[in-house]
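Each chain is listed here by its residues.
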Amino acid sequence: MMLQSQTRDLIGRGTMTAYFTVCATLKAIQLTAMFDAMDGSPRSLIDLAAGVASLGFLLLIVVTTVRRLPPKRSAEGIQPRVVALLGSFATVTLIVLPVVEISPAIRLIADLLTIVGFSLCIWCLWWLGRSFSIMAQARRLVTSGPYRLVRHPLYACEAVALAGIILSNPSWGALAIASMALGFQYLRIRNEESVLRTAFPEYAAYAEQVPMLLPRLKAPRPALQN
């Protein structure tokens, strides 16, 4: 049983590493073209910064996937796996949507949301480190850094970046895809919560102190020790 679990984890790790490496490579190629076409204007610099933030997030996903710890517990059944894959990759379909013309002001807002969102994602993923996983798995309980503010900061920050991506090419189709992706992400959160509660008895106390997605206005309580 242990060997089967290790084999599944190795296959999953290899698949995710290959996928995100390809994504990072394509993003790097895109950034190279953007850099060559830059005219020195503030808009081109902001566009490039948004792309760099996205690339940084993809590269950090590759690193954390390669170095991640073995899971202590995983969600059972097909539903958590399907939900995790759809939640993670549903937004990939946005690339097939026709491009919509937007005003420079909307473009600026979209780029700023993308920069802020992906920069915060990098911060969250840095703290999550070797506990990162696409599937609902428990590796190590992280309660410090951004996880001191909310239990699932990476999902919240990804939503900010997604808002920027949608705003950069707004359409009813993009909004529908984003709504579907967010719905699956919420199901991922519920599956992860179930696994974490089972794997770590102290998670219940942590969940009582720290909100799920939106930080409280008052100062957070001291985080539990990892």
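This is a predicted model, so every value here is computed, not measured. (Residues numbered from 1 in each chain as written. Predicted model: local features only at pLDDT ≥ 70, side-chain atom pairs only at ≥ 80, totals over all residues. Heavy atoms only, no water.)

Engineer: Looking at this model, I keep getting lost on the overall build of the protein. Mind explaining?
Structural biologist: A tally of regular secondary structure across the protein gives seven helices and two strands. Listing each helix as α and each strand as β along the protein from the N terminus yields α-α-β-α-α-β-α-α-α. For 226 residues, the compact-globule estimate of 2.2 N^0.38 gives 17 Å, and the protein sits close to it at 18 Å. If you line up the protein on its principal axes, its C-alpha atoms span 55 × 45 × 30 Å. Burial status across the protein gives 39% buried among its 226 residues. A separation of at least 24 residues holds for 80% of the contacts in the protein among residues at least 6 apart in sequence. Counting every atom, the protein has about 12600 Å² of accessible surface; 69% of that belongs to carbon and sulfur. In the protein, the 21 positive side-chain charges and the 12 negative ones have mean positions that sit 11 Å from each other. (Helix = DSSP H or I, 4+ residues; strand = E, 2+ residues; numbered from the N terminus. Rg over C-alpha atoms; globule rule 2.2 N^0.38 Å. Buried < 20%, exposed > 50% of the residue type's maximum accessible area, 1.4 Å probe, protein only. Contact = heavy atoms within 4.5 Å. Areas by Shrake-Rupley, 256 points an atom, 1.4 Å probe, with all protein chains shown as cover. Lys, Arg positive; Asp, Glu negative; His and termini not counted. Charge placed at Lys NZ, Arg CZ, Asp CG, Glu CD.)

Engineer: Any chance you could explain the pattern of salt bridges here in plain terms?
Structural biologist: Close approach of charged atoms allows side chains with opposite charge to pair. Following the criterion strictly, the structure yields two salt bridges and no others. Its salt-bridge partner being Arg 151, residue Glu 193 comes within 3.0 Å of it at the nearest N-O pair. Taken together, the positions of Glu 193 in helix α6 (residues 172-199) and Arg 151 in the loop between β2 (137-138) and α5 (153-168) put the pair 42 residues apart, joining distant regions of the chain. Each member of the pair, Glu 193 as well as Arg 151, is classed as buried. Notably, a salt bridge pairs Glu 193 with Arg 197, separated by 3.9 Å at the nearest N-O pair. You can see Glu 193 and its partner Arg 197 sitting in helix α6, four residues apart, about one turn around the helix. (Salt bridge = Lys/Arg side-chain N within 4 Å of Asp/Glu carboxyl O.)

Engineer: Sorry, what's going on with the confidence of the model for the protein here?
Structural biologist: A low pLDDT score tells you not to read the predicted coordinates there in detail. On average, the protein scores 86 in pLDDT, and the residues at 70 or more come to 92%. Put simply, helix α1 (residues 2-36) is where the protein has its lowest mean pLDDT, 77, and helix α7 (residues 203-209) is where it has its highest, 94. (pLDDT = per-residue confidence, 0-100.)

Engineer: Please clarify how the side chain of Thr 65 should be interpreted in this entry.
Structural biologist: Examined against the element boundaries, Thr 65 turns out to sit in helix α2 (residues 42-67). Residue class for Thr 65 comes out buried when judged on its relative accessible area of 1%. Within polar-contact distance, the side chain of Thr 65 engages the backbone oxygen of Ile 61 at 2.7 Å. Contacts of Thr 65, omitting those with residues within four sequence positions, involve Arg 13, Met 16, Thr 17 and Phe 132. (Polar contact = N/O pair within 3.5 Å; in protein donor to acceptor, adjacent residues only side chain to side chain.)

Engineer: Looking at this model, I keep getting lost on the nonpolar core. Mind explaining?
Structural biologist: Within soluble globular proteins, side chains that are nonpolar generally end up buried alongside one another. Within the largest apolar cluster, 37 residues are counted, with the highest numbers of intra-cluster contacts made by Phe 20, Phe 57, Leu 125, Leu 128, Phe 132, Leu 154 and Tyr 203. The set of elements that each furnish at least two residues to this core consists of α1, α2, α3 (79-89), α4 (104-128), α5, α6 and α7. Beyond its immediate stretch of four places on either side in the chain, Phe 57 contacts Phe 118, Cys 121, Ile 122, Leu 125, Leu 154 and Glu 158. Counting residues in hydrophobic clusters, the runner-up holds seven residues, among them Leu 97, Leu 162, Ile 166 and Ile 177. (Core = buried A, V, L, I, M, F, W, Y, C linked by side-chain atoms within 4.5 Å.)

Engineer: I would appreciate a short explanation of the packing of α2 against α4 in the present structure.
Structural biologist: Think of two packed helices as two axes; the pair is described by the angle between the axes and how far apart they sit. The N-to-C vectors of α2 and α4 enclose an angle of 25 degrees; their axes lie 9 Å apart at closest approach. As summarised for this structure, α2 and α4 are arranged roughly parallel, according to the angle between their axes. As α2 runs across α4, the sense of the crossing is left-handed. Along its contact with α2, which presents Arg 43, Ile 46, Asp 47, Ala 49, Ala 50, Ala 53, Ser 54, Gly 56, Phe 57, Leu 60, Ile 61 and Thr 64, the element α4 presents Arg 107, Leu 108, Asp 111, Thr 114, Ile 115, Phe 118, Ser 119, Cys 121, Ile 122, Leu 125 and Trp 126. When the residues that make up the contact of α2 with α4 are grouped by side-chain class, the tally is 14 nonpolar, five polar and four charged. (Axes fitted to C-alpha atoms, helices over the stretch in contact; angles between N-to-C directions. Parallel < 35°, antiparallel > 145°, perpendicular 65-115°, else oblique. Left-handed = near helix turned anticlockwise from the far one by under 90°. Nonpolar A, V, L, I, M, F, W, Y, C, P; charged D, E, K, R; others polar.)

Engineer: Where do I start with the environment of Gly 12 in this structure?
Structural biologist: Turning to its location among the elements, Gly 12 is positioned in helix α1. Judged by relative accessible area, which is 26%, Gly 12 ranks as partly exposed. Linking Gly 12 and Leu 85, residues 73 residues apart in sequence, is a C-alpha distance of 11 Å.

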